Amino acid sequence: MADKTTDEIKYRILRYLDITGFTVFDPIVRLCFGEEPKKQVESIAKFLIVPIIFVAICVGVWWKVAPEHKTKSGEVPTPDVVFESAVINDTFSKREKMKESDFLLVGSEREETLAEVEKAIVENDVLVVEYKAKLAKHEADYEAKLEEQLSPLQANLAKLKAKNKELAAELKAASAVEAEKFENGNGSKEGLLAALRAETEFKDASRIDEGIIKDKIDAIRSEKYKPMEEARLDLSAANNEAQFLSKRVDFLTRANRSMKVEVAKEKLEASLAKLDDATTAKAALSESKKVIRQEDSITRLEEQKYASAMTVYMQIKRSLFTVFIGFLVAAAIAIPVGVLCGLSKIAMACLTPIISIFKPVSPVVWLLIFQIVVGAFFPDPESHPFFLLMNKLPFIGSLGVNPALIFSACTVAMCAVWPALVNTALGVSSIDQDHINVARVLRLGFWDRLTKIIIPSALPLVFAGLRISLGVGWMVLIAAEALSSSDGLGKFVWDEYQNGSSFSFANILYACFVVGIIGFLLDRMMIILQRFVSFDGGETSL
């Protein structure tokens, strides 16, 4: 009985790995359950350990080569710098959530949080003083070390320059003498040319010799002094924390929503009091208008939301929303049209030229077309009913639906429609003829044939096409967001590129990993869906 239970657990785990496409972990599961240990160890070594070693070698090469390659944005970031970028973006996102929470706090909870923040400010100020002293010490040590290393080179450079200057003067004088001889008819042009060549060659040689020493000096100056760099990072982090805590105090006091409402209510009470004391019609009318304006202001303040900065996680949410909108539109078009093409050779003949012509078109072209064509439907986006409705919806409203998002989604849909359409048509057209014959024998109507024979038989290929479409859509989206300035990962990458600093380069590489991981997870999701509708047991993952 125990063996049967163990086997059930093992096969459930193996089934789960098969559904998700992670069959590479099968040997570990089988080894844990004692199934052919030698064989499983060999499989683990071949298909897990060797790839891990290869990836580790690639990371090691990256770590070694990156600092040596200089770009206009500085050094290529190493893996630890990219990881630091991920941490910084995560910290920024958490701080935005804290500020939003502070903005919405009321009553005693707000006062308690304010006391905690003020205490944290005092503690952070102590750290700032400590880090400043530490940085000053390391800067002095660095200057002393730099002076020790550069003094001999600078002395040698000064001696070489003086020597070269003296020799250059002698050669220049010799050229002048040869020129005078040539003028007096006592010299030859060969002698004059030789003197000038010697002078030129010496200048080039002296420039090279001086350049070698200057390069050594520049190399020493460009070397990073790690203790000083670490001290600078610590001080920068403490200063950023001080700025963040100061902002929190602001959101817990002056900029807090409940505090602003209280101030507005006090003003309203004062206006009501003045209205009660009004003795003339003009004064009463003026105060009445103030009361109405203040009541409207209080209503707006009570409904006010925190204006959060666009964090990387919000960019990810927006990109995912955009790609799924485009993907669903593509699927809604591709599946019915694909079924039609698979069932009708005439429809296939009609649509084949269109597919062949528009399938290779660049997403950049589609984006520009949609900006012109679709943009004409939204002449005034801020007051358009569609955007007003979208921005009032609970989850969608926080994403900020605007024309740029629509353009990006349309571009994704146009580029993602072709793989799904072609695969659907192929799946429908390749249904076993025996199935069609059975449907005819049973005298099934068109709808019954479609829902009970055609679509179920074609589903594996349909989902294969949808899987490709989603991958294509995700790749296209990043470029579309960058070019349309639609908030999302694409715009995040473009903004960092425009910034042009070394840290921006790290952010771009971080975004590269984020895009890749999300693409991988989307692919796994489609694999799971595909496995649920597959009946032939075929492989679905690479």
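Residue positions within a chain follow its written sequence, with the count starting from 1. Where local features are concerned, this predicted model is filtered to residues with pLDDT of at least 70; where side-chain atom pairs are given and counted, the filter is 80 or more; whole-chain, interface and lining totals use all residues. The basis for every side-chain value is the complete set of non-hydrogen atoms in the structure, without hydrogens or water.

Let's talk about the pattern of salt bridges
Oppositely charged side chains can form a pair if their charged atoms are brought close together.
1) Next: Salt bridge criterion: a side-chain nitrogen from Lys or Arg within 4 Å of a carboxyl oxygen from Asp or Glu. Summed over the entire model, instances satisfying the criterion amount to 19 salt bridges.
2) Next: In this structure, the salt-bridge partner of Asp 102 is Arg 248, at a minimum N-O distance of 2.6 Å. Of this pair, Asp 102 sits in helix H4 (residues 79–104) while Arg 248 sits in helix H7 (residues 226–252), and the two are 146 residues apart along the sequence. The residues Asp 102 and Arg 248 share a single accessibility class, namely buried.
3) Next: Across the salt bridge formed by Glu 139 and Arg 232, the nearest N and O atoms sit 3.8 Å from each other. Residue Glu 139 is found in helix H5 (residues 107–184), and its partner Arg 232 is found in helix H7; the two are separated by 93 residues along the sequence.
4) Next: The class of Glu 139 is partly exposed, set by a relative accessible area of 31%.
5) Next: A network of salt bridges, in which partner residues are shared, links Lys 10, Arg 30 and Glu 35. Helix numbering and strand numbering both begin at the N terminus, where a helix is a DSSP run of H or I of at least 4 residues and a strand a DSSP run of E of at least 2. Exposed residues in this analysis have more than 50% of their type's maximum accessible area, buried residues have under 20%, and partly exposed residues fall in between, with area computed by a 1.4 Å probe over protein chains only.

Re helix H9 (residues 281–303)
Three or four residues apart is the spacing at which side chains of an α-helix point the same way, because the helix has 3.6 residues per turn.
1) Next: In this model H9 runs 33 Å from its N-terminal to its C-terminal C-alpha over 23 residues, within 8% of the 33 Å that 1.5 Å per residue would give.
2) Next: If you check which residues of H9 are buried, you get Glu 287, Val 291, Gln 294, Ile 298 and Leu 301.
3) Next: Packed against the buried residues of H9 are helix H8 (257–277). One less than the number of residues in a helix, times 1.5 Å, gives the span that helix is expected to have. Contacts are residue-level and defined by heavy atoms, with any inter-residue pair within 4.5 Å sufficient.

Concerning the domain arrangement of the chain
1) Next: Domains assigned within the chain are domain 1 (2–68), domain 2 (107–226), domain 3 (239–302) and domain 4 (312–533).
2) Next: Source of the domain bounds: an automatic or database domain assignment. In this structure, domain 3 and domain 4 have C-alpha centres spaced 48 Å apart.

With respect to a negative patch on the surface
1) Next: Here the term patch refers to residues with relative accessible area over 30% and no salt bridge, with like charges joined within 9 Å and nonpolar side chains (Val, Leu, Ile, Met, Phe, Trp, Tyr) within 5 Å. Areas reported here follow the Shrake-Rupley algorithm with a probe of radius 1.4 Å; residue values treat only the protein chains shown as occluding. Charged residues are defined narrowly, with Lys and Arg counted positive, Asp and Glu counted negative, and His plus the chain ends left uncounted. Think of each charge as sitting on NZ of Lys, CZ of Arg, CG of Asp or CD of Glu. A contiguous patch of negative charge, built from Glu 109, Glu 111, Glu 112 and Glu 116, is present on the exposed surface.
2) Next: One can find Glu 112 in helix H5.
3) Next: Looking at Glu 112, the relative accessible area reads 51%, which means it is exposed.

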